[in-house]
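# What the coordinates show
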Amino acid sequence: MSFRKIFLLAVVALGIAAFFVFDLGRFLSLEYLKQSQASFEALYASQPLKVSLVYFAIYVAATALSFPGAAIITLAGGAIFGLWWGTLLVSFASSLGATLAFLTSRFVLRDSIEAKFGNRLAEINRGIEKDGAFYLFTLRLIPVVPFFVINLVMGLTKMKALTFYAVSQIGMLAGTLVYVNAGTQLAQIDSLQGILSPALLGSFVLLGVFPLIAKWIVGLMQKRKVYARWASVKPQRFDRNLIVIGAGAGGLVSAYIAAVVKAKVTLVEAHKMGGDCLNYGCVPSKALIKSAKLAHQMRRGETYGLHSTTPTFSFKAVMRRIQDIVRAIEPHDSVERYTGLGVEVLQGYAKLVNPWTVEIKLNDGSTQTLTTRSVVIAAGARPFVPPLPGLEDSGYVTSDTMWDKFGELDEVPKRLVVLGGGPIGCELAQSFARLGSQVTQVEMGPRVMAREDEEVSELARQALMKDGVDVRTGHKALRVENTGGMKALVVEHAGTEERIEFDELLCAVGRSARLTGYGLEELGIPTNKTVETNEYLQTLYPNIYAAGDVAGPYQFTHVASHQAWYAAVNALFGDFKMFKADYRVIPWATFIDPEVARVGLNEQEAQEKGIAVEVTKYGIDDLDRAIADSEAHGFVKALTVPGKDTILGVTIVGTHAGDLLAEYVLAMKHGLGLNKILGTIHTYPTLAEANKYAAGEWKRAHAPQQLLAWVGRFHDWRRG
């Protein structure tokens, strides 16, 4: 703690100590005020300016130091100065003192509070940034909330001091008037409780409700303003309760929920039902990973006491198996299934004509126009292709197009360049290397999987290189050259250009939301890499929602499904109750070998956000089942609140890490700590025991050593 903080704390402590040591509280009683009223009035009559300034200073100091008795000082203001001059003095003195308390709290306490509770405070600050002034105003209107608590708590947030002062000045005015006016009638007051009569309390309640009514009116006016240019085309009746654009995970779940609650819903999809995950992403990539892993295990047969062998296979057969798996899962997301559930499925391109009208160009060439009360946009995302010179001419594939193109090959690509070191690039690079491709992975950044901790990134790099991937980090792609049929990617590294020859180039540098082609531009709906939404997933138009990859902030199938619930329920029942999308516990996994799975914070994020954490780590190389399976590598790393078992985040590296993570996701969702996991019986021998042993590591680190020493002495005594 700095000297200035220590000095300020000392001043505050001395002030509070003086208050109690000299029993200054006796001057802040109703009896003393009534007894001294005549003396104060006489003094004010003789020296009005001096008495006013002294009173102002006392009020500021008392409020700044959060002394009890503000109500008595306010009554004194009314008794001595009268209604208008007393109100003026009290209003400015109370606001200035409150702001000093606010700034003291911020200067002395905020850094330490942020270090311990930064993650929670960040969420509060987002709310303060959006609606902080409104809620402070509401609290100021209701005097049953202790004002000194408001001053100190608001100081811990990122509310601007000027905003705090201005809102306090206005918000406390009504209460100040009531108390100062009561002070002018001091002779008739027997107790402070007498001021707060049922009628007066009722008035305060009405004052407290007024901002809520005002907010509703403001919201209504904003809504009218947004819809103003469309007022003439708003239909009197609607064909549908909900239209969903896109049949990926977000769209399918939105339509399903609407059908379950008996809403009339239409789902529009231009291409394949199931979206990217079923057709190009999660499902086919995991099928490829499984084939590649089996080929890898065949080469390592001696690890299991068997003969190692080089797998012989038709790559076309591998790709055919992947397509068979996609077809096997297709019925879950099919037109027939959703039609059977009560969803009208239209295959074509949807476009928003106005906030309530959707024009659909069907794949058969016809056009259909429908009106709807609400819309959910779930248009998904597409692979991002960098603007590299020569790339289009030389040819490339993405995680979307590779399945069809590679499905025509008899053998794996001999030389494959994977552009990108994120999860998709790492999964596909390792898989093709295990199937026999000569893979070069190019990443512009200093490491692969940059969102993970450095040790995780390093383990991923080592795993890829062990399988034969030539991982080149710190290499910036410049252009693609095609000379006489010889294709090469030209990269820059350490100021020098290098050529990497290839037969196929796979772009895996990320995905971008689909933001064009369905009317966002015409309606003026703001976008910034994704469709801009509020916490309820509403766009600029409150009846138009967005969910999934097109909305962000996460591009995961399970998050799209999660968001879809909020979007659909808010769209259908938002007039009665709105639900804020909850992103507090979001898990994800990268299915390289060994797998990397995470939920919540990792060390890298905790450091960036300034959140203090305690790290507990358990090595899976010590786990019996992992040893038996010859998979004894990786770790479980748990981040907790220092000194507590509250889980802030978990990273697991190892076989089946994605499955093991589920226990921690459940624990974080329901507020269960490591002690609860430690106290849960886990089947032996299973990989899930790693979670229990990680909790055991935390428990050992927090064992009460002094108590155990005394227990040891007790046992010594028992042995005589």
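This section reports on the structure supplied with the text. (Residues numbered from 1 in each chain as written. Predicted model: local features only at pLDDT ≥ 70, side-chain atom pairs only at ≥ 80, totals over all residues. Heavy atoms only, no water.)

## Structural notes on the overall build of the protein
Each helix and strand in the protein was counted, giving 27 helices and 23 strands. Across the 720 residues of the protein, 45% fall into the buried class. Residue pairs at least 24 apart in sequence account for 66% of intrachain contacts in the protein once pairs closer than 6 positions are excluded. Per element, the accessible surface of the protein, about 36300 Å² overall, is 60% carbon and sulfur. (Helix = DSSP H or I, 4+ residues; strand = E, 2+ residues; numbered from the N terminus. Buried < 20%, exposed > 50% of the residue type's maximum accessible area, 1.4 Å probe, protein only. Contact = heavy atoms within 4.5 Å. Areas by Shrake-Rupley, 256 points an atom, 1.4 Å probe, with all protein chains shown as cover.)

## What about the pattern of salt bridges?
Taken as a whole, this structure holds 31 salt bridges when the rule is applied. The partner of Arg 584 in a salt bridge is Asp 582, and the shortest N-O contact between them spans 2.8 Å. The salt bridge involving Arg 598 is made with Glu 605; its shortest N-O contact spans 3.2 Å. Per residue, the accessibility class of Arg 598 equals that of Glu 605, and both read buried. A cluster of three or more residues bridged by salt bridges with shared partners is formed by Asp 453, Glu 455, Glu 603, Lys 617 and Lys 637. (Salt bridge = Lys/Arg side-chain N within 4 Å of Asp/Glu carboxyl O.)

## Regarding the pairing of strand S21 (residues 614-619)
Covered by surrounding structure in S21 are Glu 614, Thr 616 and Tyr 618 only, the residues Val 615, Lys 617 and Gly 619 on the alternate face being uncovered. Two elements, S21 and strand S22 (residues 635-640), share 6 bridges in a ladder whose sense is antiparallel. Looking at the pairing, Tyr 618 lines up with Val 636 of S22. (Pairing = 2+ DSSP bridges.)

## Here we look at the packing of helix H13 (residues 282-299) against helix H18 (residues 423-434)
Where H13 contacts H18, the two axes come as close as 8 Å, and the packing angle between them is 40°. The pairing of H13 with H18 is recorded here as oblique in orientation. Relative to H18, H13 is oriented so that their crossing is left-handed. The residues of H18 that touch H13, namely those facing Ser 285, Lys 286, Leu 288, Ile 289, Ala 292, Lys 293, Ala 295, His 296 and Arg 299, are Glu 427, Leu 428, Ser 431, Phe 432 and Arg 434. Taken together, the residues of the contact of H13 with H18 break down into 6 nonpolar, 3 polar and 5 charged. (Axes fitted to C-alpha atoms, helices over the stretch in contact; angles between N-to-C directions. Parallel < 35°, antiparallel > 145°, perpendicular 65-115°, else oblique. Left-handed = near helix turned anticlockwise from the far one by under 90°. Nonpolar A, V, L, I, M, F, W, Y, C, P; charged D, E, K, R; others polar.)

## Brief notes about the side chain of Thr 371
Within the secondary structure, Thr 371 sits in strand S5 (residues 367-377). Thr 371 sits in the buried class, given a relative accessible area of 14%. One polar contact links the side chain of Thr 371 to the main-chain amide nitrogen of Asp 239, over a distance of 2.9 Å. For Thr 371, the residues in contact, after removing those within four places along its chain, are Pro 235, Arg 237, Phe 238, Asp 239, Arg 240, Trp 356 and Thr 357. (Polar contact = N/O pair within 3.5 Å; in protein donor to acceptor, adjacent residues only side chain to side chain.)

## Here we look at the sheet that holds strand S19 (residues 587-590)
On the basis of which strands lie adjacent, the open sheet formed by 5 strands has the order S19-S20-S23-S22-S21 and antiparallel pairing. Either end of the sheet is taken by a strand with one partner, and the two such strands are S19 and S21. The mean inter-strand angle of the sheet, taken between neighbouring strand axes irrespective of direction, is 10°. As paired elements, S22 and strand S23 (residues 647-654) share 6 bridges and run antiparallel to each other. Within the sheet, the bridge partner assigned to Leu 639 lies in S23 and is Gly 649.

## Some points on helix H24 (residues 657-669)
If you check H24, its first and last C-alpha atoms are 18 Å apart, about what 13 residues at 1.5 Å a residue would give, namely 18 Å. The largest bend in H24 comes to about 25°, at Glu 663. Within H24 the residues assigned to the buried category are Ala 657, Leu 660, Leu 661, Tyr 664, Val 665, Ala 667 and Met 668. Against the buried residues of H24 lie S19, strand S20 (595-600), S22, S23, helix H25 (674-678) and helix H26 (689-701). Phi turns positive, to about 70°, at Gly 671, one or two residues after H24. (Expected span 1.5 Å × (residues − 1). Bend = angle between axes of the 7 residues up to and from the residue.)

## So, the pairing of strand S1 (residues 240-245)
Where a strand is regular, its side chains alternate between the two sheet faces. With 5 of its 6 residues buried, S1 lies for the most part within the structure. Bridge count for S1 against S5 is 5 bridges, and the pairing is parallel. For Ile 245, the partnering residue across the bridge sits in S5 and is Ile 377. Read as a crossover between parallel neighbours, the route from S1 over helix H11 (residues 249-260) to strand S2 (residues 265-269) is right-handed. (Right-handed = clockwise from strand over helix to strand, strands pointing away.)

## A closer look at the nonpolar core
With 35 residues, the main nonpolar core has Leu 288, Phe 315, Met 402, Phe 406, Phe 432 and Val 439 as its most contacted residues. In terms of residues, this core owes the most to one element, H18, which gives 5 residues. Apart from residues lying up to four places away in sequence, Phe 432 is in contact with Leu 288, Phe 315, Met 402, Phe 406, Pro 413, Leu 416, Ser 437 and Val 439. Grouped together as the second largest cluster of nonpolar side chains are 28 residues, Ile 243, Val 375, Ala 379 and Val 550 included. (Core = buried A, V, L, I, M, F, W, Y, C linked by side-chain atoms within 4.5 Å.)

## Thoughts on the packing of aromatic side chains
One pass over the full model with this rule turns up 16 aromatic pairs. Connected via pairs of aromatic rings, a cluster forms that spans Tyr 44, Tyr 55, Tyr 59 and Phe 81. Positioned above the aromatic ring of Trp 588 is the side chain of Arg 451, whose terminal nitrogen or guanidinium carbon lies 5.0 Å from the ring centre. Note that Arg 713 overlies the ring of Trp 710, its terminal NZ or CZ placed 4.8 Å from the centroid. (Phe/Tyr/Trp six-rings, centres within 6.5 Å; stacked < 30°, edge-to-face > 60°. Lys NZ or Arg CZ within 6 Å of the ring centre and 35° of its normal.)

## Topic: the packing of H13 against helix H14 (residues 315-329)
For any two helices packed against each other, the geometry comes down to the angle between their axes and how far apart the axes lie. For the pair H13 and H14, the least separation of the axes is 9 Å and the interaxial angle reads 135°. In terms of their interaxial angle, H13 and H14 are classed as oblique. The element H13 and its partner H14 pack so that their crossing is right-handed. Between H13, through Val 283, Pro 284, Ala 287, Leu 288, Lys 290 and Ser 291, and H14, the contact on the second element is made entirely by Val 318, Arg 321, Ile 322, Ile 325, Val 326 and Ile 329. Here the contact of H13 with H14 is composed, by residue class, of 9 nonpolar, 1 polar and 2 charged.

## Some remarks on a nonpolar patch on the surface
On the surface, Tyr 256, Val 260, Val 261, Leu 341, Phe 573 and Phe 576 cluster together into a nonpolar patch covering about 580 Å² of accessible area. Within the secondary structure, Phe 573 sits in helix H21 (residues 557-573). (Patch = residues over 30% accessible without salt bridge, like charges linked within 9 Å, V, L, I, M, F, W, Y side chains within 5 Å.)

## Looking at the sheet that holds strand S12 (residues 486-493)
Taken together, the 3 strands give an open sheet; going across it, the order is S11-S12-S13, and neighbouring strands pair in antiparallel fashion. Among the strands making up the open sheet, the edge pair consists of strand S11 (476-483) and strand S13 (496-502). Going across the sheet, the axis of each strand differs from the next one's by a mean of 25°, ignoring polarity.

## Topic: the environment of Ala 161
Along the chain, Ala 161 falls in helix H7 (residues 161-171). Assessed through its relative accessible area of 24%, Ala 161 is described here as partly exposed. Setting aside residues no more than four positions away along its own chain, Ala 161 makes contact with Thr 99, Phe 102, Leu 103 and Arg 106.

## Considering unusual backbone geometry
Residue Pro 553 is bonded to the preceding Gly 552 through a cis peptide linkage, with omega at 0°. Assignment of secondary structure puts Pro 553 in the loop between strand S18 (544-546) and H21. A cis amide bond links Asp 593 to the next residue, Pro 594, at an omega of 5°. Structurally, the position occupied by Pro 594 is in the loop between S19 and S20.

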